[in-house]
Amino acid sequence: MALTELPLIHAFDLLGVAVFAISGALAAGQKGLDWVGVVALAVVTSIGGGTLRDVLLNRDAVFWIADPTYLWVILGAAVVTIVHVRFLPVPANALRIADALGLALFSVLGAQIAEAEGASVVVVIVMGILTGVAGGIIRDVLIREVPLVFRPTEELYSVAALGGVLCYLLLKTLAVPASVAAIFGIMLVAGLRLAAVIWKIRLPAFHVSVD
Amino acid sequence: MALTELPLIHAFDLLGVAVFAISGALAAGQKGLDWVGVVALAVVTSIGGGTLRDVLLNRDAVFWIADPTYLWVILGAAVVTIVHVRFLPVPANALRIADALGLALFSVLGAQIAEAEGASVVVVIVMGILTGVAGGIIRDVLIREVPLVFRPTEELYSVAALGGVLCYLLLKTLAVPASVAAIFGIMLVAGLRLAAVIWKIRLPAFHVSVD
Amino acid sequence: MALTELPLIHAFDLLGVAVFAISGALAAGQKGLDWVGVVALAVVTSIGGGTLRDVLLNRDAVFWIADPTYLWVILGAAVVTIVHVRFLPVPANALRIADALGLALFSVLGAQIAEAEGASVVVVIVMGILTGVAGGIIRDVLIREVPLVFRPTEELYSVAALGGVLCYLLLKTLAVPASVAAIFGIMLVAGLRLAAVIWKIRLPAFHVSVD
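First, a word on scope: everything that follows refers to the structure included in this document. This one's a predicted model, so the numbers in the text were calculated from it and none came from an experiment.

## Quick notes on the relation of the copies chain A and chain C
Move 1: Laying chain A over chain C is done by rotating through 120° and shifting 0.0 Å along the axis; what remains is an RMSD of 0.0 Å. With respect to symmetry, the two chain copies, as superposed, fit the operation of a three-fold axis. Closest approach to the rotation axis within chain A is made by the C-alpha atom of R144(A), at a distance of 3.9 Å.
Move 2: The overlap is low: 12% of the interface residues of chain A also sit at the interface in chain C, so different surfaces are used on the two sides.

## Some thoughts on the interface of chain C and chain B
Move 1: Listed as interface residues are 32 residues of chain C and, on the opposing side, 29 residues of chain B.
Move 2: The contact between chain C and chain B buries some 2,600 Å² in all, and 72% of this surface belongs to carbon and sulfur atoms.
Move 3: Interface area lost by chain C to chain B is led by D34(C), L142(C) and R144(C), which between them contribute 20%.
Move 4: If you look at where chain C meets chain B, you find zero salt bridges.
Move 5: Between chain C and chain B we count six residue pairs in polar contact (both at pLDDT 80 or more) in total.
Move 6: Of all the secondary-structure elements, those providing two or more residues to the side of chain C that touches chain B are helix 1 (7-30), helix 2 (35-56), helix 3 (63-66), helix 4 (69-87) and helix 6 (121-142) of chain C.
Move 7: Sorting elements by how many residues they give to the side of chain C that touches chain B places helix 2 of chain C first, with seven residues.
Move 8: Residue classes in the side of chain C that touches chain B are distributed as 21 nonpolar, seven polar and four charged.

## Remarks on the interface of chain A and chain C
Move 1: Across the contact, 32 residues belong to chain A and 29 residues belong to chain C.
Move 2: Summed over both partners, the interface of chain A with chain C buries about 2,600 Å², with 73% contributed by carbon and sulfur atoms.
Move 3: For the pair chain A and chain C, the interface holds zero salt bridges.
Move 4: For the interface between chain A and chain C, the tally reads six residue pairs in polar contact (both at pLDDT 80 or more).
Move 5: Contributions of two or more residues to the side of chain A that touches chain C are made by helix 1 (7-30), helix 2 (35-56), helix 3 (63-66), helix 4 (69-87) and helix 6 (121-142) of chain A.

## Examining unusual backbone geometry
With the exception of glycine, the majority of residues adopt a negative phi angle, and the majority of peptide bonds are in the trans configuration.
Move 1: Although it is not a glycine, A175(A) adopts a positive phi angle of roughly 70°.
Move 2: Topologically, A175(A) is positioned in the loop between helix 7 (158-173) and helix 8 (178-198).

## Describing the relation of the copies chain C and chain B
Move 1: Note on the copies: chain C fits chain B at an RMSD of 0.0 Å, the axial shift is 0.0 Å, and the rotation between them is 120°.
Move 2: An asymmetric contact is evident, with only 12% of the interface residues of chain C recurring at the interface of chain B.

## Some details on the environment of L188(B)
All names here are of chain B.
Move 1: Note on placement: L188 falls in helix 8 (residues 178-198).
Move 2: Of the residues examined, L188 reaches a relative accessible area of 34% and is grouped as partly exposed.
Move 3: In this structure, the C-alpha to C-alpha distance between L188 and G163, residues 25 residues apart in sequence, is 7.2 Å.
Move 4: Excluding residues within four positions of it along the chain, L188 makes contact with G163, G164 and C167.

## Side note on the environment of P204(B)
Move 1: By secondary structure assignment, the location of P204(B) is in the segment after helix 8.
Move 2: Assessed through its relative accessible area of 35%, P204(B) is described here as partly exposed.
Move 3: Separated by 197 residues in the primary sequence, P204(B) and P7(B) place their C-alpha atoms 40 Å from one another.
Move 4: With sequence-adjacent residues up to four places away left out, P204(B) is seen in contact with L33(C), D34(C) and W35(C).

## Examining the packing of aromatic side chains
Residues and elements named next belong to chain C.
Move 1: Applying the stated criterion across every chain, the model contains six aromatic pairs over all chains.
Move 2: An angle of 85° between the planes, with centres 4.9 Å apart, marks the rings of F63 and Y70 as edge-to-face.
Move 3: In this structure F63 comes out as buried when scored by relative accessible area, which is 15%.
Move 4: Given the relative accessible area of 5%, Y70 is considered buried.

## Some details on helix 1 of chain C
Move 1: The end-to-end C-alpha distance of helix 1 of chain C, which contains 24 residues, comes to 35 Å, matching closely the 34 Å that a straight helix rising 1.5 Å per residue would cover.
Move 2: Phi turns positive, to about 65°, at G32(C), one or two residues after helix 1 of chain C.

## Re the environment of N58(C)
Move 1: Here N58(C) shows up in the loop between helix 2 and helix 3.
Move 2: Classification of N58(C) as partly exposed rests on a relative accessible area of 26%.
Move 3: Taking the C-alpha atoms as reference, N58(C) lies 26 Å from L15(C); in sequence the two are 43 residues apart.
Move 4: Setting aside chain neighbours within four positions, we find N58(C) in contact with N58(A), R59(A), D60(A) and N58(B).
Move 5: A polar atom in the side chain of N58(C) sits 3.5 Å from the backbone oxygen of D60(A).

## Quick look at the packing of helix 1 of chain C against helix 4 of chain C
All names here are of chain C.
Move 1: The interhelical angle for the contact between helix 1 and helix 4, taken along N-to-C directions, is 45°, at an axis separation of 8 Å. Here helix 1 is positioned oblique relative to helix 4, judged by the angle of their axes. The chirality of how helix 1 crosses helix 4 is right-handed. On helix 4, the residues that touch H10, D13, L14, V17, A18, A21, I22, A25 and L26 of helix 1 are T69, Y70, V73, I74, A77, T81 and V85.

Conventions adopted
Residues numbered from 1 in each chain as written. Chains lettered and ligands numbered in written order. Predicted model: local features only at pLDDT ≥ 70, side-chain atom pairs only at ≥ 80, totals over all residues. Heavy atoms only, no water. Least-squares fit on C-alpha atoms with pLDDT ≥ 70 in both. Contact = heavy atoms within 4.5 Å. Buried area = accessible area lost by both parts, 1.4 Å probe. Salt bridge = Lys/Arg side-chain N within 4 Å of Asp/Glu carboxyl O. Polar contact = N/O pair within 3.5 Å; in protein donor to acceptor, adjacent residues only side chain to side chain. Helix = DSSP H or I, 4+ residues; strand = E, 2+ residues; numbered from the N terminus. Nonpolar A, V, L, I, M, F, W, Y, C, P; charged D, E, K, R; others polar. Buried < 20%, exposed > 50% of the residue type's maximum accessible area, 1.4 Å probe, protein only. Phe/Tyr/Trp six-rings, centres within 6.5 Å; stacked < 30°, edge-to-face > 60°. Expected span 1.5 Å × (residues − 1). Axes fitted to C-alpha atoms, helices over the stretch in contact; angles between N-to-C directions. Parallel < 35°, antiparallel > 145°, perpendicular 65-115°, else oblique. Left-handed = near helix turned anticlockwise from the far one by under 90°.

As structure tokens, then:
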């Protein structure tokens with residue numbers, strides 16, 4: 001039933017983990033951390049969101065404890081990043097596309113996992129977004145940055161995840177099969193995010209001065 | 001048995017959540033975050049403490065997953081804050097009083113939840129304080145501040161929560177009914193906090209210089 | 001079966017908690033936090049790693065909730081630190097040796113707990129390291145520092161924990177009794193860490209400049 005059991009989706013899920021791991025490793029490199037810091041940031045960025053989801057939903061086992069393949073993929077991605085950066089430039093655009101795909105998969109698959117645990121609709125939406133964005137938030141906290149996804153300089157990110165999860169849920173209430181609805185949801189997240197990056201679509205900032 | 005099942009207490013509990021959500025939204029505004037940041041900070045500030053408590057106690061379900069009303073209240077509070085700030089000044093004193101009430105309710109009700117889970121006395125005390133203050137700590141970490149409750153410039157906050165929880169537990173050992181003891185505990189937390197704000201009662205700072 | 005049930009090991013475990021609590025209290029003092037901040041940092045530094053391990057492994061009860069002795073030891077260590085610092089210099093070298101011992105005990109005992117929960121080998125390794133280092137990471141995040149263990153200026157720390165846990169697992173596959181293997185693992189962690197401090201053995205930094 002869960003999409004992650006399908007070989008193609010599982011492969012994409014691992015790709016999403018790898019991309020987020022690279023993003024964590026690069027963030028560590030921008031701060032000049034050592035190799036332990038690189039691996040640690042790769043780990044928290046890529047599995048932080050899903051871990052928080054599984055802990056909050058009180059699932060029987062956190063996903064990477066049940067299936068340690070994820071840890072090996074992350075370690076591989078961190079090592080590849082360290083080696084790659086020594087010889088070649090960072091392919092920023094390829095990473096941005098892969099990140100959008102990772103966000104898309106994580107948020108829609110995360111929502112499905114919450115559904116399978118019997119969560120109410122609003123909790124399903126929250127868990128979908130959380131799965132997609134929480135890893136990046138933990139990454140930013142560890143390197144002492146205000147989380148990227150909260151900043152008005154960042155193009156739609158959580159909002160793209162929200163849109164895709166809503167699309168998925170809406171299509172399902174219209175009797176579209178879950179797997180088809182998920183594919184549309186995933187495409188919408190990635191499309192929204194990439195469109196926002198291309199046309200620089202951002203959310204307004206909120207300013208308060210409290211005495 | 002749990003006080004939160006009483007309509008009046010449940011209403012106060014939701015009020016506490018709303019006030020803490022406003023505090024999170026305002027903190028986001030002081031850092032110029034975007035709307036996603038505002039909602040996210042409103043969420044973590046208001047339910048962070050209770051969520052940590054529920055996860056640590058390994059409760060069957062985190063409170064806002066069992067009852068998503070909390071999420072709607074938070075979303076409403078965040079939207080009202082964004083709109084209000086555009087037109088009117090922030091009612092700092094009203095917020096401070098409501099925050100003291102929120103702290104009072106969260107800490108005493110949090111202690112009761114730990115009791116219901118069969119925790120030992122010292123764990124009940126820790127969980128009470130944690131429920132009251134952890135959300136604000138997570139808020140401060142996300143906006144890159146040293147947590148307000150750890151700073152010597154902040155009037156008694158955790159100590160007020162501690163006092164109220166101890167008062168509640170003490171009255172109960174004196175055979176006072178739990179609900180009466182809770183009301184006294186709640187009043188003591190709010191009273192201690194507001195007195196500390198009015199008379200600027202603070203804890204000493206601790207200074208170390210390590211080579 | 002668990003080593004922590006042996007009186008000597010339990011005593012060492014409590015010593016490790018006390019040392020990590022002192023490290024947290026001193027970090028609070030370096031930032032000039034108030035007494036609440038001192039106690040809070042002592043708590044998260046000393047039980048943060050084990051708590052994260054227990055939550056991720058979905059154990060029946062977090063260790064300090066099952067046995068609140070830990071909380072009293074932490075409170076005592078925080079008070080002793082506050083009083084000591086007022087009159088005497090900080091014994092930096094004694095603390096460093098005790099910290100290495102704490103790291104050693106936490107990581108090997110943490111790995112054993114993960115084993116007892118039936119985790120796979122790679123998860124056992126991750127949980128061992130996590131138990132040893134996560135508390136310090138949370139401490140550093142709370143005082144707004146990039147975690148010490150991620151910085152290239154810090155001598156081998158996570159790597160020492162990794163080495164000891166691997167040694168423990170390797171000896172066990174060679175049919176060495178678990179308790180003997182654990183003692184060798186613990187000695188290796190402490191030895192590696194202290195050797196790294198003495199000879200300033202560090203991991204290379206990783207630098208990236210992303211546009």
